[in-house]
Amino acid sequence: MGKYDTLVELLLEVVKEGGDIKEKDNSIPVGISNRHIHLSQSDADVLFGTGYKLTKTKDLSQPGQYACQETLTICGPKGAIEKVRILGPVRRESQIEILLADCFKLGVTAPVRLSGDLEGSPGITLVGPKGSIFLTKGLIIAQRHIHMSLADAKHFCVKDGEEVTIQTTGLRGGTYTNVVVRANDNSSLECHLDTEEANAMCLKSTSKIKIVK
């Protein structure tokens, strides 16, 4: 093989690799969240017994996060929802993330918030095998968001806290606005939508979206 042929072959490999990288880097996997609970250790002690340790069943996409075997019943003024999954590890404050439709069943009005933004949110009653507790705050509907590393944020030309628009294709494809970027060095690239948002566009756990700003 001559020098010219070798150069052409190398260029073709570079072009091919570049195309694969672009496809991978610009497509963001979707994570679909159902209603769930994050507990503080003090609240876990009331609901399950002093010193109780949550039982991990499987790891989630975000580093250090996992689904637990344990579930709770959440009770509102008008109704209750049983077997709501707990996600670990324990947090400083308990937080309950529900769907918009759950508000009607429970008889509550939960705000759309980012995780951890609990001030002014309504309370809810949690019932466990060893006791129950009324939380004075912590009930929210999760705002759609994208987890990413700082390197990812640089690639997508976005920054932590920025709101972007995302797009998906398919028979019920479309766009979602007000998607918050959550960028830090402890995150794995994934766009988090709740089941209602995903169902509206026929998205699955294998689906991908793109930032269109």
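Up top is the structure.
Definitions and limits used
- Residues numbered from 1 in each chain as written.
- Predicted model: local features only at pLDDT ≥ 70, side-chain atom pairs only at ≥ 80, totals over all residues.
- Heavy atoms only, no water.
- Helix = DSSP H or I, 4+ residues; strand = E, 2+ residues; numbered from the N terminus.
- Buried < 20%, exposed > 50% of the residue type's maximum accessible area, 1.4 Å probe, protein only.
- Contact = heavy atoms within 4.5 Å.
- Areas by Shrake-Rupley, 256 points an atom, 1.4 Å probe, with all protein chains shown as cover.
- Phe/Tyr/Trp six-rings, centres within 6.5 Å; stacked < 30°, edge-to-face > 60°.
- Pairing = 2+ DSSP bridges.
- Axes fitted to C-alpha atoms, helices over the stretch in contact; angles between N-to-C directions.
- Salt bridge = Lys/Arg side-chain N within 4 Å of Asp/Glu carboxyl O.

Regarding the overall build of the protein
At step 1: The secondary structure content of the protein amounts to five helices and 15 strands.
At step 2: Looking at the 213 residues of the protein, the share that counts as buried comes to 40%.
At step 3: Counting only contacts in the protein whose residues sit at least 6 apart along the sequence, the fraction spanning at least 24 positions is 67%.
At step 4: Per element, the accessible surface of the protein, about 12,100 Å² overall, is 53% carbon and sulfur.

Digging into the packing of aromatic side chains
At step 1: Under the definition given, this model contains one aromatic pair.
At step 2: Taking 4.8 Å as the distance between ring centres and 20 degrees as the angle between the ring planes, the aromatic pair formed by phenylalanine 48 and tyrosine 52 counts as stacked.
At step 3: The class of phenylalanine 48 is buried, set by a relative accessible area of 9%.
At step 4: A relative accessible area of 25% places tyrosine 52 in the partly exposed class.

A short note on the environment of proline 129
At step 1: Its location among the elements puts proline 129 in the loop between β8 (124-127) and β9 (132-135).
At step 2: Overall, proline 129 belongs to the exposed group, its relative accessible area being 61%.
At step 3: Among residues more than four places away in sequence, those in contact with proline 129 are Leu47 and Phe48.

Things to note about the pairing of strand β13 (residues 174-183)
At step 1: Strand direction decides the pairing type here: strand β11 (residues 145-148) and β13, joined by four bridges, are parallel. Residue pairing across strands places histidine 147 opposite arginine 182, the latter belonging to β13.
At step 2: Alignment of strand β12 (residues 163-168) against β13, held across five bridges, turns out to be antiparallel. The partner of threonine 168 across the bridge, within β13, is glycine 174.
At step 3: The antiparallel pairing of β12 with β13 creates a hairpin that spans five residues between the two strands, and glycine 170 there sits at a positive phi of about 115 degrees.

What about the sheet that holds β12?
At step 1: Judged by pairing direction, the barrel is mixed, and its six strands sit side by side in the order β1-β14-β11-β13-β12-β15 before closing back on the first. Adjacent strand axes in the sheet meet at a mean angle of 45 degrees, parallel and antiparallel pairs treated alike.
At step 2: Relative to strand β15 (residues 208-211), strand β1 (residues 28-33) is paired through two bridges, and the arrangement is antiparallel. When the bridges of β15 are listed, proline 29 appears paired with lysine 208.

Quick notes on the pattern of salt bridges
At step 1: A complete count under the given rule lists eight salt bridges for this structure.
At step 2: Across the salt bridge formed by arginine 35 and aspartate 102, the nearest N and O atoms sit 2.8 Å from each other. Within this pair, whereas arginine 35 is found in the loop between β1 and β2 (36-40), its partner aspartate 102 is found in helix α3 (residues 100-106), the two being separated by 67 residues in sequence.
At step 3: Ionic pairing is found between aspartate 117 and arginine 113, a salt bridge with its closest N-O pair at 3.6 Å.
At step 4: Overall, aspartate 117 belongs to the partly exposed group, its relative accessible area being 38%.
At step 5: On the basis of relative accessible area, arginine 113 is assigned to the buried category, the value being 17%.
At step 6: Salt bridges sharing common partners tie together Arg92, Glu93, Glu119 and Lys137.

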